[in-house]
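A closer look at the structure
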Amino acid sequence: MIASITEYEITQAELRALEQRLERLQESNPVGSKGFTKAGIRKMIARLHEELALF
């Protein structure tokens, strides 16, 4: 749970890093390959979005 503006900013940075990682995976791997990795990153992104929204 995000409790301060500092944690909020850290979470935003994590979110940007995950989105960049997902983008690189999608570019380097065609659709259908390494799906579990992409799905896991999408789950982490969704969780961070939820935490940011609650703050």
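Described in the following lines is the structure provided in the data block. Residue numbers restart at each chain and count upward from 1, following the sequence in its written direction. Whole-chain, interface and lining totals are the exception, using all residues; otherwise, since this is a predicted model, local features are given only for residues with pLDDT of at least 70 and side-chain atom pairs are given and counted only at 80 or more. No hydrogens and no water enter the side-chain calculation; it runs on all heavy atoms of the structure.

This part covers the overall build of the protein chain. Going along the chain from the N terminus, every DSSP run of H or I of four or more residues is numbered as a helix, and every run of E of two or more is numbered as a strand. Looking only at helices and strands, one finds two helices and zero strands in the protein chain. By the burial criterion, 24% of the 55 residues in the protein chain qualify as buried. Contacts are assigned to residue pairs that have any heavy atoms within 4.5 Å of one another. For the protein chain, the share of sequence-separated contacts (at least 6 apart) that also reach a separation of at least 24 residues comes to 57%. When the accessible surface of the protein chain is split by element, carbon and sulfur atoms take 57% of a total near 4,100 Å². A simple rule labels every residue: compare its accessible area, found with a 1.4 Å probe on the protein chains alone, to the largest value its type can have, and call it buried under 20%, exposed over 50%, or partly exposed in between. Using the Shrake-Rupley algorithm and a 1.4 Å probe, accessible areas are obtained, with residue cover drawn only from the displayed protein chains.

The next point concerns the nonpolar core. In terms of nonpolar packing, the biggest core is built from nine residues, these being I2, L15, L18, L22, L25, I41, I45, L48 and L52. Only α1 (5-28) and α2 (35-54) provide two or more residues apiece to this core. Not counting residues within four places of it along the chain, the set of residues in contact with L15 comprises I45, L48, H49 and L52. Side-chain atoms within 4.5 Å are what join buried Ala, Val, Leu, Ile, Met, Phe, Trp, Tyr and Cys residues into a set we call a nonpolar core.

Summarising the element assignment, E23 is placed in helix α1. Along the chain, E23 and K38 lie 15 residues apart, while their C-alpha atoms are 9.3 Å from each other.

Our focus in this paragraph is α1. Here α1 is 24 residues long and its end C-alpha atoms lie 35 Å apart, about the 34 Å a rise of 1.5 Å per residue gives. Buried within α1 we find T11, L15, L18, L22 and L25. Take the number of residues in a helix, subtract one, and multiply by 1.5 Å to get its expected span.

Turning to its location among the elements, R16 is positioned in helix α1. Residues R16 and I45, 29 residues apart in the sequence, show an inter-C-alpha distance of 8.9 Å.

Its location among the elements puts T11 in helix α1. We call two N or O atoms a polar contact when they sit within 3.5 Å, provided that within protein one can donate a hydrogen and the other can accept it, with sequence-adjacent residues counted only if both atoms are side-chain atoms. A polar side-chain atom of T11 sits 2.8 Å from the main-chain carbonyl oxygen of E7. Not counting chain neighbours up to four residues away, the residues in contact with T11 comprise I2, L48 and L52.

It is worth spelling out the pattern of salt bridges at this point. The term salt bridge refers to a pairing of a side-chain nitrogen on Lys or Arg with a carboxyl oxygen on Asp or Glu at a separation within 4 Å. Enumeration according to the criterion identifies one salt bridge in this entry. R47 is paired through a salt bridge with E51; the nearest N and O atoms lie 2.8 Å apart. On the criterion of helical spacing, the pair formed by R47 and E51 is a turn pair, its members being four residues apart in helix α2. A residue is classified by how much of its surface remains accessible, and R47, at 41% relative accessible area, is partly exposed.

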